[in-house]
There are 2 protein chains.
Amino acid sequence: MVQIVRGTSRDIRVANRSEVLRHILAESPVSRQRVAAGTGLSLATVSNLIGELLDAGILVEVGFEDSSGGRPRGLVSVDPAGGVLIGVDVAETYVHVEVFDAALTPLASAEEQLHPEENRPQQVVAHIVSGVRTALGSGATAARRVLGAGISVPGQVDRGGGVSVFAPNWNWHDVPLRGLLAESLTMPLYLDNPLRAAVVAELWFGAGRGREDVVVLNLGTGVGAGLAFRGSLYRGATNSAGEWGHTTLVLDGRPCHCGGRGCVETYVGAPGIMQHLRELDPDSPMLHLGDQTATIDALARGVRSGDPVAAKVIGETARYLGVAIANLINLANPEAIVLSSWVAARFGEPLLDEVRAVVARHALRHPLAASDITLSGIIGDPVSLGAATLALEGFLSAVGTAPAVRIALR
Amino acid sequence: MVQIVRGTSRDIRVANRSEVLRHILAESPVSRQRVAAGTGLSLATVSNLIGELLDAGILVEVGFEDSSGGRPRGLVSVDPAGGVLIGVDVAETYVHVEVFDAALTPLASAEEQLHPEENRPQQVVAHIVSGVRTALGSGATAARRVLGAGISVPGQVDRGGGVSVFAPNWNWHDVPLRGLLAESLTMPLYLDNPLRAAVVAELWFGAGRGREDVVVLNLGTGVGAGLAFRGSLYRGATNSAGEWGHTTLVLDGRPCHCGGRGCVETYVGAPGIMQHLRELDPDSPMLHLGDQTATIDALARGVRSGDPVAAKVIGETARYLGVAIANLINLANPEAIVLSSWVAARFGEPLLDEVRAVVARHALRHPLAASDITLSGIIGDPVSLGAATLALEGFLSAVGTAPAVRIALR
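Residues numbered from 1 in each chain as written. Chains lettered and ligands numbered in written order. Predicted model: local features only at pLDDT ≥ 70, side-chain atom pairs only at ≥ 80, totals over all residues. Heavy atoms only, no water.

Chemist: Would you take a moment to explain the confidence of the model for chain A for this structure?
Modeler: A low pLDDT score tells you not to read the predicted coordinates there in detail. Residues and elements named next belong to chain A. Confidence in the prediction for chain A averages 91 pLDDT; 93% of positions are at 70 or higher. For the stretch residues 1-7, pLDDT sits under 50, and the model shows 43 contacts to residues farther than four places along the chain or on other chains. Across residues 402-410, confidence stays below pLDDT 50; counting only partners more than four residues off in sequence or on other chains, it has 21 contacts. (pLDDT = per-residue confidence, 0-100. Contact = heavy atoms within 4.5 Å.)

Chemist: Would you mind showing me how to read the sheet that holds strand β1 (residues 30-31) of chain A here?
Modeler: Where strands meet in a sheet, backbone hydrogen bonds hold them as pairs that are either parallel or antiparallel. Residue and element names in this part refer to chain A. The strand order across the open sheet built from 3 strands is β1-β3-β2, with neighbouring strands paired in antiparallel fashion. Looking at strand neighbours, the two that pair on one side only are β1 and β2 (59-64), the edges of this open sheet. Bridge analysis of β2 against strand β3 (residues 74-78) gives 4 bridges, and the strand direction is antiparallel. Bridge assignment links V60 to a residue of β3, and that residue is S77. Where helix α3 (residues 43-55) meets the sheet, it contacts β2 and β3, and its direction lies at approximately 115 degrees from that of β2. (Pairing = 2+ DSSP bridges. Helix = DSSP H or I, 4+ residues; strand = E, 2+ residues; numbered from the N terminus. Axes fitted to C-alpha atoms, helices over the stretch in contact; angles between N-to-C directions.)

Chemist: How should helix α4 (residues 121-137) of chain A be read in this particular structure?
Modeler: Since the α-helix packs 3.6 residues into each turn, any two residues three or four apart lie on the same face. Helix length check: α4 of chain A, at 17 residues, gives a terminal C-alpha distance of 24 Å against a target of 24 Å (1.5 Å per residue), a fit within 8%. Contacts made by the buried residues of α4 of chain A are with β4 (84-90), β5 (94-101), β6 (106-113), β7 (146-152), β10 (172-175) and α5 (177-182) of chain A. (Expected span 1.5 Å × (residues − 1).)

Chemist: Quick question: what am I supposed to make of the relation of the copies chain B and chain A here?
Modeler: Aligned on chain A, chain B shows an RMSD of 0.1 Å; the corresponding rotation is 180 degrees and the shift along the axis is 0.0 Å. One copy is carried onto the other by what is essentially a two-fold rotation axis. (Least-squares fit on C-alpha atoms with pLDDT ≥ 70 in both.)

Chemist: Would you explain the packing of helix α8 (residues 270-280) of chain B against helix α10 (residues 308-332) of chain B in this entry?
Modeler: A pair of packed helices can be characterised by two numbers: the angle between their axes and the separation between those axes. Residues and elements named next belong to chain B. The N-to-C vectors of α8 and α10 enclose an angle of 130 degrees; their axes lie 9 Å apart at closest approach. As far as their axial angle goes, α10 and α8 are oblique. Crossing angle aside, the handedness with which α8 passes α10 is right-handed. Each of I273, H276, L277 and L280 in α8 lies in contact with α10, whose residues at this interface are V309, K312, V313, E316, T317 and Y320. Of the residues in the contact of α8 with α10, the class split is 6 nonpolar, 2 polar and 2 charged. (Parallel < 35°, antiparallel > 145°, perpendicular 65-115°, else oblique. Left-handed = near helix turned anticlockwise from the far one by under 90°. Nonpolar A, V, L, I, M, F, W, Y, C, P; charged D, E, K, R; others polar.)

Chemist: Whenever I open this one, the environment of A37 of chain B confuses me. Can you help?
Modeler: Residue and element names in this part refer to chain B. Looking at the element boundaries, A37 is found in helix α2 (residues 32-39). Given a relative accessible area of 66%, A37 falls into the exposed group. Residues A37 and L21, spaced 16 residues apart in sequence, show a C-alpha to C-alpha distance of 14 Å. (Buried < 20%, exposed > 50% of the residue type's maximum accessible area, 1.4 Å probe, protein only.)

Chemist: Sorry, what's going on with the interface of chain B and chain A here?
Modeler: Reports of interface size often rely on the accessible area that becomes lost once the parts have come together. Counting residues at the interface gives 54 residues for chain B, matched by 54 residues for chain A. For the pair chain B and chain A, the two sides together bury roughly 4,700 Å², of which 53% comes from carbon and sulfur. Between chain B and chain A we count 2 salt bridges in total. The tally of links between chain B and chain A comes to 32 residue pairs in polar contact (both at pLDDT 80 or more). (Buried area = accessible area lost by both parts, 1.4 Å probe. Salt bridge = Lys/Arg side-chain N within 4 Å of Asp/Glu carboxyl O. Polar contact = N/O pair within 3.5 Å; in protein donor to acceptor, adjacent residues only side chain to side chain.)

Chemist: Explain the nonpolar core to me, please; I cannot follow it from the model alone.
Modeler: Nonpolar side chains tend toward joint burial in soluble globular proteins. By size, the foremost hydrophobic cluster in this structure holds 108 residues, and its most contacted members are L217, W244 and I325 of chain A together with L217, W244 and I325 of chain B. Residue contacts for I325 of chain B: discarding those within four places in its chain leaves L217, W244, I337, L339, V355, V359 and I373 of chain B. (Core = buried A, V, L, I, M, F, W, Y, C linked by side-chain atoms within 4.5 Å.)

Chemist: Help me out: how do you make sense of the sheet that holds strand β3 (residues 74-78) of chain B in this one?
Modeler: Residue and element names in this part refer to chain B. Here we have 3 strands laid out as an open sheet, ordered β1-β3-β2, and antiparallel in their pairing. Edge positions in the open sheet fall to β1 (30-31) and β2 (59-64), since each of these has one partner strand only. In this fold helix α3 (residues 43-55) packs onto β2 and β3, with an angle of close to 115 degrees to the strand it touches most, β2.

Chemist: Please clarify how the domain arrangement of chain A should be interpreted in this entry.
Modeler: All names here are of chain A. What the domain assignment reports for chain A is domain 1 (9-78), domain 2 (82-197 + 383-398) and domain 3 (209-377). Centre-to-centre separation of domain 1 and domain 2, based on C-alpha positions: 29 Å. Counting each side, the surface lost to burial between domain 1 and domain 2 is near 840 Å², with a carbon and sulfur contribution of 67%. Scanning the region where domain 1 abuts domain 2 turns up 0 salt bridges. In this structure, the connection of domain 1 to domain 2 is made through 2 residue pairs in polar contact (both at pLDDT 80 or more). The element contributing the most residues to the side of domain 1 that touches domain 2 is helix α1 (residues 9-27), with 6 residues. (Domains from an automatic or database assignment.)

Rendered as structure tokens:
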């Protein structure tokens, strides 16, 4: 399949470059002929794009294909030594930094805890910078050129301007995050949010590969949907598409921090799940007030060991989540719905099974049959991986226009 | 803007042909140079595509542009005599047939009433055929070649197979409608549903022109959303995207004929609005049991003459509709939301004003600011116009591969 976007011939060139690289990553080492067959692009176009990527130093020639007669075909592969990519997942309670080689294989990571009161922009920026320095300073990544860093922050983001437009949990408005980070970090910086990062990770490396219409649900403290239509990320008019957590499921229901009532997030976000538990059994030993992670962990253990209260909480969560997923299926008719982020990872199959049963009762038969509901199969943190992939896409769009940065820290 | 779709070079060619024609329709008569500037395509590509459309007989050369020195530039225009297009809107209570010239100017129409018991496929097919014959038989359209007919039927449609997969109001399952129609109609037939037809009409001729991300809400007996993302119709994995009427707004709310509860349609479809009236004033003279049209008409007159019950019904409808629209804004971040179909047309501004106020209270600030909510400005029946436009798109995709049909009836 060819990745083509509406736009100028330059946009098409960048999209094709990205599609060619995606194909090489998946099949490496691979001949130009196989890439052409797999992408639907002409051999001339593929050879041209691969030439650019060889010049940019992120591909390498790796010998020739066995051939039964005829000219031997040269094979190319992503050059792991071509540079490193950084993915930063900034969440409410932590900053996770991961360093990858150009083939998106993880090399090193660092994690910084964010305490609830550490929510001023300068404090968060200091943790990001410190995490990046720690991860880059390790032996595996030293002295390699840095192709770029993707930074995922919660909330609504102006990518072009590098601004956190609105982060509800911290009450940030129009924080010029990229500018603040650029005072300490000199590699190209790409700002976006976890919904975009997670769906890009699934498109390149997960359940979205080879699929056209995909919804990735981030289930954490907040919840939201990353959307991909016709094989590429859908951002909406102003990069704020996917606020599924703030769609109304229960008119006049639970109050939400967004100011609304009955939002999906208030029933299936971690605090909403804690509220189900509190309503079912206020004295439950699984309830760790003020500690979402500990409570979700206890519930996950409980449901696996047959605790009836834990099972009821999962059932109640699935009842809301399943109806909200059925809404997405009826509205968007996607091929795949992927449950991602830490709540989905911790609850796993027991939640998935109940959700599938609820969805089957609420979605229309025809789009339901087309939709595959799965847990994310990505190992590690999909948001860091996706943020690094967004940085790779940024690097690809700049190929031929700007030199890569070799000295990344100052 | 260039209209490019993911796919083969043939798909791109068809999409570009469609974009060139859309541009010529809007600016007719127009030079190749202006089309190239307006679409972003090269002059060579535009000249080539216009050559094909001239050969296909739907464009015509119409002289030269005044030019201050230099070579005079040839002007082209859509040839109204190039053929006719038929748009058929099959609804629960009527079959509306409209005949257009190749520039989508209406030439003739016919309407057949459908009685509630006339819901067997052969009965509906007979009304479509009879309507098409009446409309084509009028003097204005006689003896012109028929480029194609678009047929919009409610429910879920398999376009490729020409099958009505599921029409809930008639309980149709897998009805081979195109095959049944082809026994009497020999022009190329394009089957789709009113959600697709309405959004295509807005993209070509209405509020969607020049916009990327557009949602058209069909408010009638049933309700649904036509979706356009990145400037073109979004169908979903199996052409059933847009079933917004069957998304849950009130968990465990009013029962819906789809089997669910609390669906948007049960609150803002015409029967749902009648129920608001019945709950507010069961003895209201505006209530015409069993006659949706008469009741909606009476409410529309009532609200304009200051009737307090009518105002309350509109307010109650807007309360649900506004929250359901806020959900779409938060999820899809569109540039425009267009209220279409007969309930929207009859209630008009009074409903729009109340809906805007509700949306402003429920949508997130950032996507709300990017979203324009309007009534459809299309004169006449947008679904017939859109169905005819789908037939034009079908004709365009076949240019160069198949001869047009000159004898349309047998």
